[in-house]
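Topology and contacts: notes
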Amino acid sequence: MDTLLKDAWEAAREGVMVFAEDRVLYLNPVAAELLGVERDRVLGRPLLLALRDHKLEALCRIGGENIIETRNRTVWVKAVPGILLLWDQTEEKNRVEALEESSRMLAHEFRTPVAGMLSLLEALQGGLKGPDAQEALQMLYQETQRLRRLVEDLPLTRRPSQERTFALEELQGRLERFLAPQLAEKSAWIQWQTPHTIRANPDAVYQALLNLLDNALKYGTGAEIVVVSGQNADGVWLEVRNQGQPLEEFEKLFQAGQRGVHAANVRGTGLGLALVRRLAAGWGGTAYGRALENGNAFGLTFPLHTGTAYNRLTTQTPV
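The notes below deal with the structure included here. Here, residues in each chain are numbered from 1, in the same order as that chain's written sequence. Local features in a predicted model are, by the rule used here, given only for residues with pLDDT of at least 70; side-chain atom pairs are given and counted only at 80 or more, and totals for whole chains, interfaces and linings are based on all residues. Values reported for side chains reflect all heavy atoms of the structure, with hydrogen atoms and water molecules removed beforehand.

1. Observations concerning the overall build of the protein
Helix and strand assignments come from DSSP, with helices taken as H or I runs of at least 4 residues and strands as E runs of at least 2, each series counted from the N terminus. Helix and strand counts for the protein come out as eleven helices and twelve strands. Here the term buried applies to any residue with accessible area under 20% of the maximum for its type, exposed to any over 50%, and partly exposed to those in between, with areas from a 1.4 Å probe on protein chains only. Counting the 319 residues in the protein, one finds 41% classified as buried. In the protein, the proportion of contacts linking residues at least 24 apart, taken out of those at least 6 apart, comes to 58%. The contact definition used throughout considers only heavy atoms, calling two residues in contact when any of these lie within 4.5 Å.

Shown next as structure tokens:
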């Protein structure tokens with residue numbers, strides 16, 4: 001029976017350590033890995049030599065269970081007299097954090113079309129008629145279709161990729177119509193220099209570009225926003241440039257919940273650029289920011305695809 005028990009401990013998925021009088025009598029391979037020790041070097045030695053963690057030592061003395069961060073791992077630990085059980089929960093914790101992050105991203109992603117649809121519905125209820133009403137209905141239809149595609153793109157309802165080759169100019173009218181209230185409020189306009197063709201999911205590019213334009217309207221100080229595309233050896237790049245004080249740091253702005261030093265008086269969640277980066281990764285590209293002489297540029301990259309005629313301009317890099 002003792003042999004069977006030992007064989008079971010050796011094959012167990014959780015870590016098992018047996019101790020008595022503050023000395024290690026046994027630990028299985030999983031426990032040795034989680035504690036970062038070699039079994040032969042700690043057997044028969046003081047308990048603290050194997051644990052090397054005051055929280056684990058205290059738990060062995062008083063008993064009970066807890067979740068402890070140790071050796072760069074998240075470990076569920078339970079101690080009963082003479083026995084310490086360990087279960088690595090690092091992956092589970094990472095999955096939960098990733099799920100929470102995705103939930104925040106999805107909430108942000110859904111918020112934009114819903115807000116636009118509410119504005120259009122309010123305009124229609126306010127008595128919009130004729131060609132204006134027809135245009136509002138068309139925009140409502142487009143945003144409803146985008147919401148449907150967002151739902152279809154959820155992990156539980158994943159369908160084949162919606163990527164296709166399309167001209168960036170296709171997004172221009174739709175974006176300007178959607179941003180018309182913000183542009184009017186700021187007396188701003190968009191200058192488009194986007195003659196390139198890319199391969200990606202048009203809805204993903206639309207959402208990413210919408211977030212970048214929204215940021216430019218919120219944080220820029222000038223009336224003109226420039227959207228420009230170019231091509232280099234790696235593929236196509238697309239930038240939204242606005243006037244304002246050049247930033248010193250960009251990378252942290254692409255982390256969820258992070259906002260710039262000039263964002264204190266601007267309403268926002270700090271998720272917009274994080275979502276942009278996630279969307280760009282979906283088509284194999286990147287998202288970045290860089291300072292200009294009198295402003296800032298936030299951009300996207302699109303990798304080259306065989307057989308796609310990208311450049312209708314000469315090869316260039318962001319300037």
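2. Some details on the pairing of strand β4 (residues 73-80)
Walk down a regular strand and you will see the side chains alternate between the two sheet faces. Between any two strands, at least two bridges found by DSSP are needed for them to pair. Strand direction decides the pairing type here: strand β3 (residues 64-70) and β4, joined by seven bridges, are antiparallel. Pairing of Thr70 across the sheet is with Arg73, part of β4. Inspection of the sheet shows β4 paired to strand β5 (residues 83-88) by six bridges, in the antiparallel sense. Paired with Trp76 across the two strands is Trp87, which belongs to β5. If you look at the hairpin formed by β4 and β5, you'll find two residues sitting between the two strands, and Gly82 has a positive phi there, around 85°.

3. Some words on the packing of aromatic side chains
Stacked, tilted and edge-to-face pairs are distinguished by plane angle, under 30 degrees for stacked and over 60 for edge-to-face with tilted covering the rest, among Phe, Tyr and Trp rings (Trp via its six-membered ring) whose centres lie within 6.5 Å. Scanning the entire structure with this criterion turns up four aromatic pairs. Residues Trp9 and Tyr26 carry aromatic rings whose centres are separated by 5.5 Å and whose planes lie at 35° to one another, so their mutual orientation is tilted. You can see Trp9 sitting in helix α1 (residues 2-11) and its partner Tyr26 sitting in strand β2 (residues 23-27), a full 17 residues away along the chain. For Trp9, a relative accessible area of 32% corresponds to the partly exposed category. A centroid spacing of 6.2 Å and a plane angle of 55° characterise the contact between Phe254 and Phe298, whose relative ring orientation is tilted. Of this pair, Phe254 sits in the loop between β10 (235-243) and α11 (272-282) while Phe298 sits in strand β12 (residues 295-303), placing them 44 residues apart in sequence. On the basis of relative accessible area, Phe254 is assigned to the buried category, the value being 6%. For Phe298, a relative accessible area of 11% gives the class buried.

4. Let's talk about a nonpolar patch on the surface
A patch consists of residues whose relative accessible area exceeds 30% and which take part in no salt bridge; residues with like charges are grouped when within 9 Å of each other, and nonpolar side chains (Val, Leu, Ile, Met, Phe, Trp, Tyr) when within 5 Å. Accessible surface is estimated by sampling points in the Shrake-Rupley manner with a 1.4 Å probe; for residues, cover comes only from the protein chains shown. The term salt bridge refers to a side-chain nitrogen of Lys or Arg lying within 4 Å of a carboxyl oxygen of Asp or Glu. There is a patch of nonpolar side chains on the surface, built from Val114, Leu118 and Leu121 and spanning about 240 Å² of accessible area. Within the element layout of this structure, Leu118 appears in helix α6 (residues 90-125). Classification of Leu118 as partly exposed rests on a relative accessible area of 48%.

5. A few points about unusual backbone geometry
With a phi angle near 50°, Glu21 is a residue other than glycine that sits in the positive phi range. For Glu21, the location among the structural elements is in the loop between β1 (15-20) and β2. Since its relative accessible area comes to 79%, Glu21 is described here as exposed. Within the chain, Ser187 stands out as a residue other than glycine whose phi angle is a positive 50°. By secondary structure assignment, the location of Ser187 is in the loop between α9 (180-186) and β7 (189-193).

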